[in-house]
Amino acid sequence: MCGIVGYVGPKQASNILVDGLRRMEYRGYDSAGIAIINGNGVKIRKAAGKLSALVEKLKFDTPSGTVGVGHTRWATHGAPTTPNAHPHLDQSGRIAIIHNGIIENAGTIKKALLARGHCFKSETDTEVLAHLIGEYYVDNLEEAVAGALWDVEGAYGIAVVCSEEPNTVVAARHGSPLLVGVGDGEYFVASDASAILEHTRSVVYLDDGEMVVLKRDGYRVRNLTETHLEKPVNQIEWDLATIERGGFAHFMLKEIFEQPESLTNTLRGHLLEEEGTARVRGLNLSDEELKRFDRIVITACGTSWHAGLIGEYIIEELARIPVEVEYASEFRYRNPVLDDRCLVIAISQSGETADTLAAIREGKRRGARTVGLVNVVGSTIAREVDGGLYLRAGPEIGVASTKAFNSQVAALAMVALRMARLRNLSVLHGRELIHALQALPDQIRQILDRAPDVERLAQKYHQASNILYLGRGVNFPVALEGALKLKEISYIHAEGYPAAEMKHGPIALIDQNMPVIFVAPRDAVYSKIVSNVEEVKARKGRVIALVTEGDAEIAKLAEETFPLPKTHDLLTPILASVPLQLLSYYVAVLRGCNVDQPRNLAKSVTVE
Ligand code: G6P
């Protein structure tokens, strides 16, 4: 979703801003722009479409100046046109603003501004805020921004510059992430650490309600009432290589191939083999507290929600605690029944998804303990939950989540293991699960060695217009995730279903043109799924099956099979999802799609 970057320092700002925007392209956007201050007014350049369109404009017309702000916009209010692209100017043309989020009372403010003679050039809520700041401006940008923000309702991350103050960037956050980059004689503001990682790893995370004033000689954090706040400076652990493609054609492919390492990192330090349990200290919950919970609600969006569904099977099976999995967007507006014996687990790669964040706030308000399984260190969800585990999967740039998904499942398995061992799970069963978890990275490597087989499958089926994914039990969510992955990046219509439920609808779609992908390992429901394969075969459907290595039975029925190494039944999803990720990837490439930045999607959805 929208990206913000701002700069104050000795270097030419436009290059730094465009490079920062390029690093945030993965978040999803549909127009881009920059504003530069150079003692000669505010210079704005913007363009609809990809960043390359802006770069093309800048080629012959780059404003010079060492202070500025840049933005990639994901359209909410108004179509993705150049006039709607940020930055936006105030009425006087002296103040430029970039904005992530939505100003909810923009309509009312705009009406009042129109009545006072303001004219608007775009349909955006952001331009309204620019004009409002302009009205507050006398001779101090910081105070004008603070003044205007008192009047504003909604969510925002903003960065503002003013031609009258050529050494200043003012930024503020309320519900939309923002951090300050502390460099050597230069200062940055950004919505995503990747935008500034090239220049500094020292960052200050702003909290809701906070502002920052960047000057050439330093920065100062404040809020709307206090003008000085002390904030810790954090060090980002990952380096530039982790956010670059490193020889892979796409980030998504790189991230699929990183899974042996990312999973190893997720598991590292958590598995206690001897005791057959997992160490989950980050949850900030004592064993006594963990034993007290009699219900778990998992809340998440998109791929993370699918991981949650797998978690439901694992936790209920091992720990025998009832689990509900809720779309965060639904949970936040329902009237959920929660109390202090309910544990709310939020799952989020980015840690910034607006609905998931709102869901944990709702959970807290209703007295539940909240924990997060989050990948991005320092993200808002990670900071707001009562405790949690970092996934440590490393930065995920491809919009379609891959490695984070499997790390989420592994993290859920560890939470389940801990809770189960505090209840009735035997040490032997606990150890069995640990051994299976430890074996996963190598087993994923074996699957990745077979990537050419998946590519061949993609060649065979990439022209399909519909694909059905079926699974049972813990592998039903794998079917959902396989279908989601395919539709996200290849735009082929795909649906995931519990295999037996097929009879109640999707079976009507099956004919000789319909590929049906079964996740069919030799587990407790194997014989049931064989019957479902027969049902598809009987209607001439084209069966592709993920099977346990050595399984000859389904091979007789299926047009194609792909072998999965044997693992603990509850961990099959981690292995089965890998060939499905690869399949989506290769199909999308064959169809000429933009794999890393699929149309309309955003990596991190910071509006509801
Ligand atoms: C977006 C992304 C998905 C992701 C979902 C939830 O829709 O495109 O890949 O699964 O958000 O994101 P989160 O960061 O909370 O896991």
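Residues numbered from 1 in each chain as written. Predicted model: local features only at pLDDT ≥ 70, side-chain atom pairs only at ≥ 80, totals over all residues. Heavy atoms only, no water.

### Concerning the overall build of the protein
And step 1. The secondary structure content of the protein amounts to 19 helices and 26 strands.
And step 2. In terms of overall size, the protein behaves like a compact globule, its C-alpha atoms giving a radius of gyration of 25 Å where 608 residues would be expected to give roughly 25 Å.
And step 3. Dimensions of the protein, computed from the C-alpha atoms along their principal axes, are close to 75 × 55 × 45 Å.
And step 4. In the protein, which comprises 608 residues, the proportion classed as buried is 61%.
And step 5. In the protein, 72% of the contacts between residues at least 6 apart in sequence involve partners at least 24 apart.
And step 6. Carbon and sulfur atoms provide 48% of the accessible area of the protein, an area that totals close to 22,400 Å².
And step 7. For the protein, the distance from the average position of its 66 positive side-chain charges to the average position of its 76 negative side-chain charges is 2 Å. (Helix = DSSP H or I, 4+ residues; strand = E, 2+ residues; numbered from the N terminus. Rg over C-alpha atoms; globule rule 2.2 N^0.38 Å. Buried < 20%, exposed > 50% of the residue type's maximum accessible area, 1.4 Å probe, protein only. Contact = heavy atoms within 4.5 Å. Areas by Shrake-Rupley, 256 points an atom, 1.4 Å probe, with all protein chains shown as cover. Lys, Arg positive; Asp, Glu negative; His and termini not counted. Charge placed at Lys NZ, Arg CZ, Asp CG, Glu CD.)

### Some thoughts on the domain arrangement of the protein
And step 1. By domain assignment, the protein separates into domain 1 (3-236), domain 2 (244-447) and domain 3 (450-608).
And step 2. Here domain 1 and domain 3 have C-alpha centroids that lie 43 Å from each other.
And step 3. The interface is formed by 13 residues belonging to domain 1 together with eight residues belonging to domain 3.
And step 4. Interface of domain 1 and domain 3: buried area, both sides summed, is about 840 Å²; carbon and sulfur atoms make up 54% of it. (Domains from an automatic or database assignment. Buried area = accessible area lost by both parts, 1.4 Å probe.)

### Here we look at unusual backbone geometry
And step 1. Residues H86 and P87 are joined by a peptide bond in cis, for which omega reads 5°.
And step 2. Looking at where P87 falls in the secondary structure, it is placed in the loop between β4 (67-73) and β5 (88-89).
And step 3. You will see that R392, though not glycine, has its phi angle at about 55°, which is positive.
And step 4. Take R392: it is sitting in the loop between β21 (387-390) and α13 (403-421).
And step 5. Of note in the backbone geometry, N600 takes a positive phi value of approximately 70° without being a glycine.

### Side note on the packing of α13 against helix α14 (residues 427-449)
And step 1. Here α13 crosses α14 at 170°, and the two axes come no closer than 10 Å. One way to sum up the angle between α13 and α14 is to call them roughly antiparallel. Across the interface between the two elements, A413, L417 and R421 from α13 touch V427, G430, L433, I434 and L437 from α14.
And step 2. For the contact of α13 with α14, a count of residues per class yields six nonpolar, one polar and one charged. (Axes fitted to C-alpha atoms, helices over the stretch in contact; angles between N-to-C directions. Parallel < 35°, antiparallel > 145°, perpendicular 65-115°, else oblique. Nonpolar A, V, L, I, M, F, W, Y, C, P; charged D, E, K, R; others polar.)

### A closer look at the sheet that holds strand β12 (residues 210-215)
And step 1. Here we have six strands laid out as an open sheet, ordered β5-β6-β7-β8-β12-β13, and antiparallel in their pairing. The outermost strands of the open sheet, each flanked by one partner alone, are β5 and β13 (218-223).
And step 2. Against the sheet, helix α4 (residues 125-136) engages β5, β6 (95-103) and β7 (154-162), with an angle of about 130° to β6. (Pairing = 2+ DSSP bridges.)

### Brief notes about the site of the ligand
And step 1. The environment of the ligand is made up of 14 residues, and the closest members are S304, S348, Q349, S350 and T353.
And step 2. Within the backbone of T303, one N or O atom sits 3.0 Å away from an oxygen atom of the ligand.
And step 3. A602 is positioned such that a nitrogen or oxygen atom in its backbone is 2.8 Å from an oxygen atom of the ligand.
And step 4. In isolation the ligand exposes 380 Å². Once the protein is present, 92% of that is buried. (Near = heavy atom within 4 Å. Polar contact = N/O pair within 3.5 Å; in protein donor to acceptor, adjacent residues only side chain to side chain.)

### Focus on the sheet that holds strand β23 (residues 493-498)
Sheets are built from strands that pair by backbone hydrogen bonding, the pairs being arranged parallel or antiparallel.
And step 1. Strand order in this open sheet of five strands is β23-β22-β24-β25-β26, and the pairing throughout is parallel. The sheet is open, and its two edges are formed by β23 and β26 (560-564), each paired on a single side. Each strand of the sheet is rotated relative to its neighbour by a mean of 20°, with strand direction disregarded.
And step 2. As paired elements, strand β22 (residues 466-471) and β23 share six bridges and run parallel to each other. By the bridge assignment, G471 is partnered in β23 with P498.
And step 3. Running at roughly 155° to β26, helix α15 (residues 451-461) makes contact with β24 (515-520), β25 (542-548) and β26 of the sheet.

### As for α15
And step 1. What α15 keeps buried is the set A451, V454, L457, A458 and Y461. Summarising the axial view, the buried residues of α15 lie within an arc of 110°, below the 170-degree limit, and thus occupy one face.
And step 2. Where α15 is buried, its residues contact α6 (251-257), α14, β24, β25, β26 and α19 (572-590). (Arc of directions from axis to C-beta.)

### Section: helix α11 (residues 354-365)
And step 1. With twelve residues, α11 should cover 16 Å at 1.5 Å per step; its first-to-last C-alpha distance of 16 Å lies within 8% of that length.
And step 2. Most of α11 is tucked away: nine of the twelve residues are buried.
And step 3. If you check which residues of α11 are buried, you get A354, D355, T356, L357, A358, A359, I360, E362 and G363.
And step 4. Lining the buried residues of α11 we find β17 (295-300), α10 (328-331), β19 (342-348), β20 (369-374) and α12 (380-384).
And step 5. In the stretch just after α11, G367 is the one whose phi turns positive, near 90°. (Expected span 1.5 Å × (residues − 1).)

### Here we look at the pattern of salt bridges
And step 1. Within this structure, the stated rule accounts for 45 salt bridges.
And step 2. With a shortest N-O distance of 2.6 Å, E258 and K403 are connected by a salt bridge. With a gap of 145 residues between them, E258 in the loop between α6 and α7 (259-267) and K403 in helix α13 connect regions that are remote in the sequence.
And step 3. By relative accessible area, K403 is classed as buried at 2%.
And step 4. Between R365 and E362 there is a salt bridge; the shortest N-O distance is 2.6 Å. (Salt bridge = Lys/Arg side-chain N within 4 Å of Asp/Glu carboxyl O.)

### So, the environment of L149
And step 1. Counting through the fold element by element, L149 comes out in helix α5 (residues 141-150).
And step 2. It is 8.6 Å that separates the C-alpha atoms of L149 and L129, two residues lying 20 residues apart in sequence.
And step 3. Not counting the four nearest positions on each side in its chain, L149 is found in contact with L129, Y156, I158, A172 and L224.

### Digging into the packing of helix α1 (residues 13-23) against helix α2 (residues 51-59)
And step 1. For the pair α1 and α2, the least separation of the axes is 11 Å and the interaxial angle reads 165°. Here α2 runs roughly antiparallel to α1, going by the angle between their axes. In this structure, α1 crosses over α2, and the sense of that crossing is left-handed. In this structure, α1 contributes V18, L21 and R22 to the contact, and α2 contributes L51, V55 and L58.
And step 2. Grouping the constituent residues of the contact of α1 with α2 by class yields five nonpolar, no polar and one charged. (Left-handed = near helix turned anticlockwise from the far one by under 90°.)

### A short note on the packing of aromatic side chains
And step 1. Overall, the coordinates contain five aromatic pairs when judged by the stated rule.
And step 2. Positioned above the aromatic ring of F120 is the side chain of K110, whose terminal nitrogen or guanidinium carbon lies 5.0 Å from the ring centre.
And step 3. The side chain of R599 reaches across the aromatic face of Y491, ending 3.8 Å from its centre. (Phe/Tyr/Trp six-rings, centres within 6.5 Å; stacked < 30°, edge-to-face > 60°. Lys NZ or Arg CZ within 6 Å of the ring centre and 35° of its normal.)

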